[in-house]
Amino acid sequence: MKLKTPHFPAPADAGARKDIPPLVCYPPDTLPQPDIAGLNTLRQSAVKTAEATAAPRDAACIEVPAGAFVRVVSVDGPQVGDLNMWNKHDLTERFYSGKTRALHGTHLSTGDRMWSSFPNMRPMATIVGDTLDWYGFDAYGGSVHDVIGTRCDPYTGRLLSGDDYHYCCHSNLTRALADHCDLPLHEAEMHVHDVLNVFMCTGFTRDTGQYFMKASPVRPGDFLEFYAEIDLIVGLSACPGGDCSSEHSSDVAACYPLLMEVYDPGADSRAAHVQPPRSAYDRTHGAG
């Protein structure tokens, strides 16, 4: 955090320096735009083919073929979830929350894409439906579905409290991926990554710039839905903080399950889907 009382005096032109207007680092204007209307039309013909439930303080994985849809649903009560996403055929290609944030902003909604890690850097999924899009940004600067938090984890918990807690989202996702892919825990853990915080309401405090959370506005029946651009494994943890109104990594917060549903528009539609190419960068990095 920045110091409340700086150690060094401000220069005479400090006000002018602070008044310089900001520039968006990565203007998204040249990004290829998804055909949301076309995807919504395609969605109308899709039928439910699979589902998986992330139990409270636990996680689950589900496979989603390219050209199909996956919906994350609140079913019983206010609950946030931490979502990971991997290329089904190559776990090293995974969701890159930091670059997604740089391209689309701190909180995602319909039309935003979830980009994959280097060197692939391509859309893994496109958000096509968000029943919490009405929330926008509140008076505190908070919004829903963030890509700014990481995930509650046992290492930070140990650092701050001295205790071991095994049912945080990092550990939940590690167990779920290990079970789904028949991997040893230590290998699965290396593939767990920074998340999309589904339904979580977060922001940065205006005075100190600290990451904050507040009670999620999610209601039973609310959902966030994606279109799979490539063959995916999607992992979802039902956060032990419940709606994150008071704390996370908690055994006392009220927690509820989250449901993942796969909707398939049919083999012909999936066959017609063109998967996005990997980055065309030549990877020479200036070395010739």
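Heads up: these notes are all about the structure in this document. (Residues numbered from 1 in each chain as written. Predicted model: local features only at pLDDT ≥ 70, side-chain atom pairs only at ≥ 80, totals over all residues. Heavy atoms only, no water.)

Turning to the packing of aromatic side chains, a few remarks are in order. Taken as a whole and judged by the stated rule, the model has five aromatic pairs. A ring pair is formed by Phe69 and Tyr227, whose centres lie 5.0 Å apart and whose planes are at 55°; its orientation type is tilted. Placement of the pair is Phe69 in strand S3 (residues 69-74) and Tyr227 in strand S11 (residues 223-228), with a sequence separation of 158 residues. A residue is classified by how much of its surface remains accessible, and Phe69, at 0% relative accessible area, is buried. Centroid distance Tyr165 to Tyr167: 6.2 Å. Interplanar angle 85°. Geometry classified as edge-to-face. Classification of Tyr167 by relative accessible area gives partly exposed; the value is 41%. Above the ring of Phe69, the side-chain terminus of Arg43 is found at 6.0 Å from the ring centroid. We note Arg43 situated over the ring of Tyr263; from NZ or CZ to the ring centre the distance is 3.9 Å. (Phe/Tyr/Trp six-rings, centres within 6.5 Å; stacked < 30°, edge-to-face > 60°. Helix = DSSP H or I, 4+ residues; strand = E, 2+ residues; numbered from the N terminus. Buried < 20%, exposed > 50% of the residue type's maximum accessible area, 1.4 Å probe, protein only. Lys NZ or Arg CZ within 6 Å of the ring centre and 35° of its normal.)

The next thing to look at is the layout of surface pockets. Considering only enclosed or pocket space, the largest pocket measures out at about 440 Å³ in volume. Listing elements by their share of the lining of the largest pocket, those giving two or more residues are helix H4 (154-161), strand S9 (196-204) and strand S10 (211-214). Residues of the lining of the largest pocket, tallied by class, amount to ten nonpolar, eight polar and five charged. (1 Å grid on protein atoms, 1.4 Å probe; cavity = no way out; pocket = protein on both sides within 12 Å on 5 of 7 lines; lining within 4 Å. Points joined across faces, edges and corners; volume = space filled by probe spheres on them. Nonpolar A, V, L, I, M, F, W, Y, C, P; charged D, E, K, R; others polar.)

As a further point, take the nonpolar core. In terms of nonpolar packing, the biggest core is built from 44 residues, with Val64, Leu83, Met85, Leu196, Phe226, Leu232 and Met260 touching the most fellow members. The element that contributes the greatest number of residues to this core is S9, accounting for five residues. Sequence-distant contacts of Phe226, that is, excluding residues within four places in its chain, are made with Ala68, Phe69, Val70, Val72, Leu83, Met114, Ala125, Thr126, Ile127, Val128 and Leu196. One finds Ala178, Ala188, Val192 and Val195 within the second-largest nonpolar core, a separate group that totals 13 residues. (Core = buried A, V, L, I, M, F, W, Y, C linked by side-chain atoms within 4.5 Å. Contact = heavy atoms within 4.5 Å.)

On to the pattern of salt bridges. Applying the stated rule across the entire model yields 16 salt bridges. A salt bridge links Glu63 to Lys88, with the nearest nitrogen and oxygen atoms 3.2 Å apart. Taken together, the residues Glu63 in strand S2 (residues 59-64) and Lys88 in the loop between strand S4 (81-87) and strand S5 (90-94) connect sequence positions 25 residues apart. We classify Glu63 as partly exposed; its relative accessible area is 35%. With its nearest N and O atoms 2.9 Å apart, the salt bridge here joins Asp138 to Lys214. Taken together, the positions of Asp138 in the loop between strand S7 (123-130) and strand S8 (143-146) and Lys214 in strand S10 put the pair 76 residues apart, joining distant regions of the chain. Salt bridges here are not isolated pairs; linked through shared partners, they connect Arg43, Arg71 and Glu225. (Salt bridge = Lys/Arg side-chain N within 4 Å of Asp/Glu carboxyl O.)

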